[in-house]
Amino acid sequence: MPRAGSVAYDLERNDWNTSSLSVVVVGASGDLAKKKIFPALFALFYEGLLPPEFHVFGYARSKMSDAEFREVIASTLTCRIHARERCQEKQEEFLRRCYYSAGQYDQPASFQELNRRMGEVEGACGKPRANRMFFLSIPPNVFIAAAGGAADYCSTRTGWTRVIVEKPFGRDSASSAALGRGLAAHLREDQIYRIDHYLGKELIENLTVLRFSNLVFEPLWSRQYIRNVQIVFSENFGTEGRGGYFDQYGIMRDVIQNHLLQILALFAMEPPISLAAEDIRNEKVKVLRSMRAVALDDTVLGQYRSRMHGGRTLPGYLDDKTVPPGSLTPTFAACAMFINNARWDGVPFLLKAGKALHTRRAEIRVQFRHVPGNLYKHKFGPDLDSATNELVIRIQPKEAIYLKINNKVPGLGLQLDTTRLDLQYQSAFNQKELPDAYERLLLDVVNGDKRLFIRYDELEAAWDLFTPLLHEIESRKGGRLVGQVAT
Ligand SMILES: NC(=O)C1=CN([C@@H]2O[C@H](COP(=O)(O)OP(=O)(O)OC[C@H]3O[C@@H](n4cnc5c(N)ncnc54)[C@H](OP(=O)(O)O)[C@@H]3O)[C@@H](O)[C@H]2O)C=CC1
Ligand SMILES: O=C1O[C@H](COP(=O)(O)O)[C@@H](O)[C@H](O)[C@H]1O
């Protein structure tokens, strides 16, 4: 999907001559804030993509002064911008705009104090309007309290207030609905931005461009030509200290129900009537509602065990000290899903995700049907599948789009081989690094662009597809895992 414009802040929606922007990171002492949010904000600032009067406020229970907070942020800025020209100078400028306020997530007085500090800083910059963006980077048990604190005591009176919510958005349909009601008690839907960072990845942003701006793909995009679609996520590292969170959720909730299902919806949707957020989200939700819930018979689950690699013993899931002993939580899952509509009837969408596998990779693999009455059939031997055309969209690493085709090997004989039409991003676009997904998504929130955020009804439809299976698995033997496999 093309961006609304190449400029950073959209003057049609935000007049930065008369307004300021404050970004509040709630849970500023945490892992996500340090790993993703601060580096992304700095990258946007470095690129000149944030408005002139821009400030960052950290909020968490940990006690810190502004100076200590700036040190924490400075230690996180080893991001993609690090080696760039004038990075040090820009960092110092960025850090001068950062403030910290300690407080509890459920205490009005703490949020009132945050509001007072924000007002002070915003007031000093002399702009009559103040816009505020909150990123709730905290565990789910304090989501609602913090959303309430931010909305009820820190909403701006002169501009917009927007709140970014991180996954997990509940554990099943009922808890997600409860979370939705909790948020709705404090915020309007148009203020809530449910982030799924996979939607901010470059190749996912490109998916609709590929489909809808090339004549060659869209006519093939249906059951008539596509045999199956595989959406694959694998990581070559395990939970590594995040077991406390992960064990409560498992790979289905952590990756498949959100990241992979969102990719599926974008991949399979009908052409939207425009690129407007609601038109795109209307089409995505139709796909989700046309799907049948995942069946246990169509699912494989597993958990990684310890294994040897390069002379080293890699820990198993249960060796992670943050994982409860004897846990049956799946770290690997594969499931076949089906869309009951005219375009996709009978085509399996295989969603696979696993931690601590051999490689780190995320990709979409589209396998086409065999060529009817293929004149060269005898050249392929008995395994016609090896001659299947396949379109691969590699989301990460080494972003690429390639199409496997059958081709004559040059020379006098008639030998066929499978080769690739290959678009490798690094060489094609001469770009050493792509912006991180959080950069794109944070900028979208600043611009009020919701195309890449999850609407409430999409979330509801997504949980409806997985809740029966998750409940069935968890009711078996009081555990969460059906089978155990070594990676
Ligand atoms: N880390 C990641 O890679 C990803 C995280 N997420 C989601 O983002 C959110 C933040 O993640 P992450 O930064 O890893 O989380 P953390 O566990 O690091 O928690 C963030 C902050 O919240 C406070 N906190 C932690 N536990 C509790 C608790 N039980 N009660 C109240 N406050 C608590 C702590 O701050 P203090 O004690 O100072 O108040 C902590 O620094 C979560 O919802 C997570 O699921 C989503 C995708 C990826
Ligand atoms: O949301 C999550 O995503 C990460 C993978 O993100 P990536 O951008 O590094 O591919 C995953 O490790 C984590 O378990 C999950 O919560």
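Only a predicted model underlies this, so the values are computations on that prediction, with no experimental measurement involved. (Residues numbered from 1 in each chain as written. Chains lettered and ligands numbered in written order. Predicted model: local features only at pLDDT ≥ 70, side-chain atom pairs only at ≥ 80, totals over all residues.)

1. Some points on the overall build of the chain
Here comes step 1: Within the chain one finds 13 helices and 17 strands.
Here comes step 2: For 487 residues, the compact-globule formula gives about 23 Å, and the C-alpha radius of gyration of the chain, at 24 Å, lands near that figure.
Here comes step 3: Considering only C-alpha atoms, the chain reaches an extent of 80 × 55 × 50 Å along its principal axes.
Here comes step 4: Buried residues in the chain amount to 41% of all 487 residues.
Here comes step 5: Within the chain, residue pairs in contact and separated by at least 24 positions form 78% of the contacts whose partners lie at least 6 positions apart. (Helix = DSSP H or I, 4+ residues; strand = E, 2+ residues; numbered from the N terminus. Rg over C-alpha atoms; globule rule 2.2 N^0.38 Å. Buried ≥ 20, exposed ≤ 12 C-beta atoms within 10 Å, placed from the backbone. Contact = placed C-beta atoms within 7 Å.)

2. Remarks on the domain arrangement of the chain
Here comes step 1: Once the domains are mapped, the chain shows domain 1 (19-166) and domain 2 (200-435 + 456-478).
Here comes step 2: The C-alpha centroid of domain 2 is placed 34 Å from the C-alpha centroid of domain 1. (Domains from an automatic or database assignment.)

3. Quick notes on the site of ligand 1
Here comes step 1: For ligand 1, the set of nearby residues contains 21 residues, the closest of which are Gly-30, Leu-32, Ala-60, Arg-61 and Ser-62.
Here comes step 2: Here the shell around ligand 1 takes four residues from helix 1 (residues 31-46), the largest share from any one element.
Here comes step 3: When grouped by side-chain class, the residues that make up the shell around ligand 1 number 10 nonpolar, six polar and five charged. (Near = placed C-beta within 6 Å. Nonpolar A, V, L, I, M, F, W, Y, C, P; charged D, E, K, R; others polar.)

4. Some details on the sheet that holds strand 2 (residues 54-60)
In a beta sheet, neighbouring strands pair by backbone hydrogen bonds and run either parallel or antiparallel.
Here comes step 1: Taken in spatial order, the seven strands of this open sheet run 3-2-1-4-5-6-17, and their pairing is mixed. The open sheet has two edge strands, strand 3 (98-102) and strand 17 (453-454), and neither has a second partner.
Here comes step 2: In terms of strand pairing, strand 2 meets strand 3 through five bridges, oriented parallel. Pairing of Val-56 across the sheet is with Cys-98, part of strand 3.
Here comes step 3: In the packing of helix 1 onto the sheet, the strands contacted are strand 1 (19-26), strand 2 and strand 4 (129-136), and the crossing angle to strand 1 comes to about 165 degrees. (Pairing = 2+ DSSP bridges. Axes fitted to C-alpha atoms, helices over the stretch in contact; angles between N-to-C directions.)

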